[in-house]
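Secondary and tertiary structure notes
Residues per chain, in single letters:
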Amino acid sequence: GQVRLSFDEKAHSYSVSDDAVDEGEPFLVSSVTQILGGALAKPALVQWAANMAVESVSKDWLPGVASDEIQISAALRKAKTAHRTVSKEATDIGSLAHDYIEKFIRNEKPELPINEQARNCCVAAQDWMLKHKFQPLDPERKIYSRKYRYAGTLDCPCFVDTHLAICDWKSSKGFFPEMALQLAAYQAAWQEMGMGEIRRRYIIRLGKTDGAFEEKMFDHKTFRRDLKAFLAAKTIYERVRELDEHLNANRRKSEKDS
């Protein structure tokens with residue numbers, strides 16, 4: 001009753017009312033994914049986006065075929081947003097699989113997706129859950145760290161092989177370091193809320209295109225190091241935002257004075 005966490009789904013933002021802060025006046029808090037996305041560079045994504053642009057151009061410009069100015073301009077505009085088009089298609093496959101898994105965990109007995117890639121992801125997830133005696137607790141649980149002031153949404157706190165754990169389903173082509181930091185942040189908030197000590201963190205990778213399945217488990221031995229790294233990223237993220245706001249304010253003032 002001391003802290004109230006609110007989530008705006010449309011804006012995908014979290015706000016908190018804390019009786020111990022400013023007489024309970026609501027304030028915005030950053031999410032775990034916002035912090036990691038804003039603080040950590042992703043060079044692999046940059047190269048991937050460049051590859052998508054090149055691939056788009058190669059389809060529109062054919063050897064021996066002349067192109068006029070309008071055709072060239074159209075091809076370049078298309079190449080600029082090629083990564084967004086491909087990313088949207090991949091997100092749709094991941095969303096189908098994630099939606100099915102969420103309903104399956106809630107025992108809603110959903111129909112498997114017709115899409116082959118999404119279906120493969122779902123079947124792989126089912127097999128893993130059955131093998132490890134998976135028992136969900138509270139899917140899509142909103143959590144908040146009062147100590148460090150960040151919020152987030154857990155895919156699924158659960159029991160795996162009788163161990164209290166958290167699982168995060170990822171439709172991706174591989175594992176990335178920030179995934180471990182994300183789960184450590186979730187674990188810290190969960191435990192701070194008095195929900196029990198997490199013994200294991202699982203990243204469940206569901207292949208975007210072929211239904212390939214991999215699991216990566218992190219136990220309590222790496223928790224402190226991963227949390228420390230997340231908090232360092234949070235410090236960088238927040239300071240950069242402060243500096244950005246300060247510089248923008250100075251620029252606006254200069255423009256107004258001139």
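Treat the numbers as computed from the prediction; the structure is a model and nothing was measured. (Residues numbered from 1 in each chain as written. Predicted model: local features only at pLDDT ≥ 70, side-chain atom pairs only at ≥ 80, totals over all residues. Heavy atoms only, no water.)

One pass over the structure, following the stated rule, counts 13 salt bridges. Here Arg146 ties to Asp18 by a salt bridge, and the two come within 2.8 Å at their closest N and O atoms. Here the residue Arg146 occupies a position in the loop between strand E5 (141–145) and strand E6 (150–154), and Asp18 occupies one in strand E2 (residues 13–18), the gap between them amounting to 128 residues. Under the relative-accessibility criterion, Arg146 is labelled partly exposed at 32%. Note on Asp18: relative accessible area 3%, which makes it buried. Close ionic contact of Arg199 with Glu197 constitutes a salt bridge, the shortest N to O distance being 3.1 Å. (Salt bridge = Lys/Arg side-chain N within 4 Å of Asp/Glu carboxyl O. Helix = DSSP H or I, 4+ residues; strand = E, 2+ residues; numbered from the N terminus. Buried < 20%, exposed > 50% of the residue type's maximum accessible area, 1.4 Å probe, protein only.)

Turning to the nonpolar core, a few remarks are in order. With 26 residues, the main nonpolar core has Val32, Tyr150, Tyr186, Leu227 and Phe230 as its most contacted residues. Going through the elements one at a time, helix H1 (32–39), E6, strand E8 (163–171), helix H6 (177–192) and helix H7 (223–257) are the ones with two or more residues in this core. Of the residues forming this core, the biggest block, nine residues, is contributed by H6. The residues contacting Leu227, other than those within four sequence positions of it, are Tyr150, Ala184, Ala185 and Ala188. Judged by nonpolar contacts, the second largest core, of 19 residues, contains Ile101, Ile105, Cys122 and Cys156. (Core = buried A, V, L, I, M, F, W, Y, C linked by side-chain atoms within 4.5 Å. Contact = heavy atoms within 4.5 Å.)

Turning next to the sheet that holds E2. Through backbone hydrogen bonds, the strands of a sheet pair up, either in parallel or in antiparallel fashion. If you trace the three strands from one edge of the open sheet to the other, you get E1-E2-E3, paired in antiparallel fashion. Both outer strands of the open sheet, strand E1 (3–8) and strand E3 (27–29), are each paired with one neighbouring strand and no more. The mean inter-strand angle of the sheet, taken between neighbouring strand axes irrespective of direction, is 35 degrees. Taken together, the three bridges between E2 and E3 define a ladder with antiparallel strand orientation. In the sheet register, Val16 faces E3, and the bridge partner there is Phe27. (Pairing = 2+ DSSP bridges. Axes fitted to C-alpha atoms, helices over the stretch in contact; angles between N-to-C directions.)

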